[in-house]
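# Observations on the three-dimensional arrangement
Given next are the chains, with one letter for each unit.
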Amino acid sequence: MLRIANRLAELGIALPEQSSPIANYLPFTRSGRIVHVSGQLSKSASTDVKGTVGIDLTLDQAKAGARLCGINLLAQFRSACGGDLDRVVRVLRLGGFVQGAPDFDAIPAVINGASDLMVDVFGDPGRHARSAVGVLRLPLGYAVEVDAVIEIAV
């Protein structure tokens, strides 16, 4: 059917290859129709969004970083679905983490970069529950990390 692949093309999004874990964990786990996807960092082949939001990065830069996390999540979704993103029934939950300055409190606005992407790609099934948490540090100095829980068709 390629509905989601066509939507990604309309949005000008080319998904990267599934990234490998940087430690002792799996990129995703599956139990029945539910898939838990490990946290994805704010990076692409050409861009690393690193630093502390509110000191090194602006809100808009961090939101773009969260969008990169979302694109990396989509690559993991594709792998979990055997290459067919049309098998994603629903994005159930996103968990967002932002390396922010002590006085930076626009954490939810940053994670909107990933949330908005899920709705842009999947429509109503992309609407999800969410948490958005400010943290002191993220792995390797990245500014944003987002994980996900999705439901897939068997």
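Just above sits the structure.
Residues numbered from 1 in each chain as written. Predicted model: local features only at pLDDT ≥ 70, side-chain atom pairs only at ≥ 80, totals over all residues. Heavy atoms only, no water.

### Here we look at the sheet that holds strand β2 (residues 34–41)
Stated formally: Should DSSP find at least two bridges between two strands, the strands are taken to pair. The secondary structure listing takes helices from DSSP runs of H or I that are at least 4 residues long and strands from runs of E that are at least 2 residues long, numbered from the N terminus. Angles shown run from 0 to 180 degrees and are taken between the N-to-C directions of axes, each axis being a line fitted to C-alpha atoms and, for helices, limited to the stretch in contact. The contact criterion used throughout is that any non-hydrogen atoms of two residues lie within 4.5 Å.
Taken in spatial order, the five strands line up as β1-β2-β5-β3-β4 in an open sheet, and their pairing is mixed. Sheet topology places β1 (28–31) and β4 (129–135) at the edges, where each strand pairs with a single neighbour. Between one strand and the next, the sheet's axes are offset by a mean angle of 15°, whatever the strand orientation. Docked against the sheet, helix α3 (residues 107–122) engages β3 (88–99), β4 and β5 (144–152), running at close to 160° with respect to β3.

### Structural notes on the packing of aromatic side chains
Short version of the rule: Under the pairing criterion, centres of Phe, Tyr and Trp rings, with the six-membered ring standing for Trp, must be within 6.5 Å; the plane angle then separates stacked pairs below 30 degrees from edge-to-face pairs above 60, leaving the rest tilted. Exposed residues in this analysis have more than 50% of their type's maximum accessible area, buried residues have under 20%, and partly exposed residues fall in between, with area computed by a 1.4 Å probe over protein chains only. In this scheme, Lys NZ or Arg CZ marks a charge over a ring once it lies within 6 Å of the ring centre and within 35 degrees of the ring normal.
As enumerated under the stated definition, the model contains one aromatic pair in all. A centroid spacing of 6.4 Å and a plane angle of 35° characterise the contact between F77 and F122, whose relative ring orientation is tilted. Residue F77 is found in helix α2 (residues 59–80), and its partner F122 is found in helix α3; the two are separated by 45 residues along the sequence. We classify F77 as buried; its relative accessible area is 0%. A cation sits over an aromatic face here: K50 above Y142, 4.8 Å from the ring centre.

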